[in-house]
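The residues making up each chain are set out below.
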Amino acid sequence: MKKRGAIKTDLFAAHEHRAKIDRLGDPLAQIASRIDFAALAAEVDRVAPRPVSLQGGRPPFPTETMVRILVLKRLYNLSDEQIEFQLLDRMSYQRFAGLADALNIPDRTTIWTFENRIGEAGARALFDGVTARLLRFGFIARGGQIIDATLVPAPRQKIGREARASFAMTMMATTCNIRRLTWLQRAGIEAF
């Protein structure tokens, strides 16, 4: 006689898991429903166009997918290696990035290359796009205050430290505004 157990297997388990995540309130789904990532991606492509490759090679991932991955990376403070792992491991990350049924996931080098392609101009385009979305709903994005400005040694970077730092700060501000807009709308707060 077989013992009864709480674990049951089913071919549709992933579908049931996604449904439960939706019922619990996936914060990434809320962000995706409030931010026009297609418009942000179009603006990034306008200010930092894709280089044309005459030699063929692997086709690039869509800019919208890569922008969503950068948002995930900054929202959860992940390295290129960790965002690659999390995209392979987490159902909610895959769904947010539009990779739920994709056979291939961008690797760390692809993510790093995309960040370098768009650079500070692309990060600024993302920031401006999210700020415009806040303004459209009547909210003004104001700068915060630094509470603890402890200095710690940082690892040395090989390529353009100043530009890389500016890119990182702009992306952090962008994701902060994305969270702010999502929270304000979810809470039903009306602007003046």
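Refer to the structure above for everything that follows.
Just so it is clear, the model here is predicted, and its values are computed rather than measured.

Calculation rules
Residues numbered from 1 in each chain as written. Predicted model: local features only at pLDDT ≥ 70, side-chain atom pairs only at ≥ 80, totals over all residues. Heavy atoms only, no water. Phe/Tyr/Trp six-rings, centres within 6.5 Å; stacked < 30°, edge-to-face > 60°. Helix = DSSP H or I, 4+ residues; strand = E, 2+ residues; numbered from the N terminus. Buried < 20%, exposed > 50% of the residue type's maximum accessible area, 1.4 Å probe, protein only. Lys NZ or Arg CZ within 6 Å of the ring centre and 35° of its normal. Contact = heavy atoms within 4.5 Å. Salt bridge = Lys/Arg side-chain N within 4 Å of Asp/Glu carboxyl O.

## Things to note about the packing of aromatic side chains
The geometry of an aromatic ring pair comes down to the distance between the two centres and the angle between the two planes. Applying the stated criterion across every chain, the model contains 2 aromatic pairs. Ring centres 5.5 Å apart and planes at 85° place the aromatic pair Phe 37 and Phe 96 in the edge-to-face group. Taken together, the positions of Phe 37 in helix H3 (residues 37–47) and Phe 96 in helix H6 (residues 91–97) put the pair 59 residues apart, joining distant regions of the chain. Summarising the burial analysis for this pair, Phe 37 and Phe 96 share the class buried. Geometry around Phe 96 places Arg 68 over its ring, the cationic atom sitting 5.4 Å from the centre.

## Some points on the environment of Val 71
Looking at the secondary structure, you find Val 71 in helix H4 (residues 63–75). Separated by 101 residues in sequence, Val 71 and Met 172 place their C-alpha atoms 8.6 Å apart. In this view, Val 71 contacts Phe 37, Phe 96, Thr 175 and Ile 178; residues no more than four positions away in its chain are not counted.

## Section: the pattern of salt bridges
Within the structure shown, the criterion is met by 10 salt bridges. Measuring nitrogen to oxygen at the nearest pair gives 2.4 Å for the salt bridge that ties Asp 80 to Lys 73. Given the relative accessible area of 10%, Asp 80 is considered buried. Classification of Lys 73 as buried rests on a relative accessible area of 5%. One connected set of salt bridges, linked through shared partners, spans Lys 73, Arg 74, Asp 80 and Glu 115.

## Remarks on unusual backbone geometry
Its identity is not glycine, yet Asn 77 carries a phi of approximately 50°, on the positive side. Its place among the elements puts Asn 77 in the loop between H4 and helix H5 (80–89).

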